[in-house]
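Single-letter residue listing:
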Amino acid sequence: MCRYYAHRHSCNHTQLSFAAFCAPAALLQNPCGSRHIWQTLAVEEACEDCRGGDGGGRYHDLPGLRR
Ligand SMILES: [Zn+2]
Ligand SMILES: [Zn+2]
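Definitions and cut-offs
- Residues numbered from 1 in each chain as written.
- Chains lettered and ligands numbered in written order.
- Predicted model: local features only at pLDDT ≥ 70, side-chain atom pairs only at ≥ 80, totals over all residues.
- Helix = DSSP H or I, 4+ residues; strand = E, 2+ residues; numbered from the N terminus.
- Buried ≥ 20, exposed ≤ 12 C-beta atoms within 10 Å, placed from the backbone.
- Pairing = 2+ DSSP bridges.
- Axes fitted to C-alpha atoms, helices over the stretch in contact; angles between N-to-C directions.

Caption draft 1: Here's a closer look at the overall build of the protein. Each helix and strand counted, the protein has 2 helices and 3 strands in total. For the protein, the succession of helices and strands along the chain, N to C, is β-β-α-β-α. The burial tally for the protein puts 0% of its 67 residues in the buried class.

Caption draft 2: Inspection of the sheet that holds strand 3 (residues 35–42) at higher detail. In space, the 3 strands of this open sheet follow the order 2-1-3, with mixed pairing throughout. Only two strands of the sheet have a single neighbouring strand rather than two, namely strand 2 (14–20) and strand 3. Across this sheet, the average inter-strand angle for adjacent strands is 30 degrees, counted without regard to direction. Inspection of the sheet shows strand 1 (residues 2–8) paired to strand 2 by 6 bridges, in the antiparallel sense. Paired with Ala-6 across the two strands is Leu-16, which belongs to strand 2.

Caption draft 3: The pairing of strand 3, seen in detail. Among the 8 residues that make up strand 3, 0 are buried, leaving the element largely open to the surroundings. Pairing analysis gives 7 bridges linking strand 1 to strand 3, with the strands arranged parallel. By the bridge assignment for strand 3, Tyr-5 is matched with Gln-39.

Caption draft 4: Spatial organisation of unusual backbone geometry. Positive phi, close to 75 degrees, is recorded for Asn-12, a residue that is not glycine. By the secondary structure assignment, Asn-12 is in the loop between strand 1 and strand 2. According to the C-beta neighbour criterion, Asn-12 is exposed, with 9 such atoms within 10 Å.

Scope: geometric values only; no functional claims are made or implied.
Rendered as structure tokens:
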């Protein structure tokens, strides 16, 4: 099981980011696909999806306004 950080954002979404390979995955330099939450980190910002790149807009929910 490879290790991942879970970032818990202020919007209550949790995003995983890769932290470390387990031994078999390290040989391949490729995550094995089995995720183990290593640490949960509180993030005082909304996640990227909620921020939408410009401070809280949800433009990506609207087709045609995609940048
Ligand atoms: Zn692994
Ligand atoms: Zn969010």
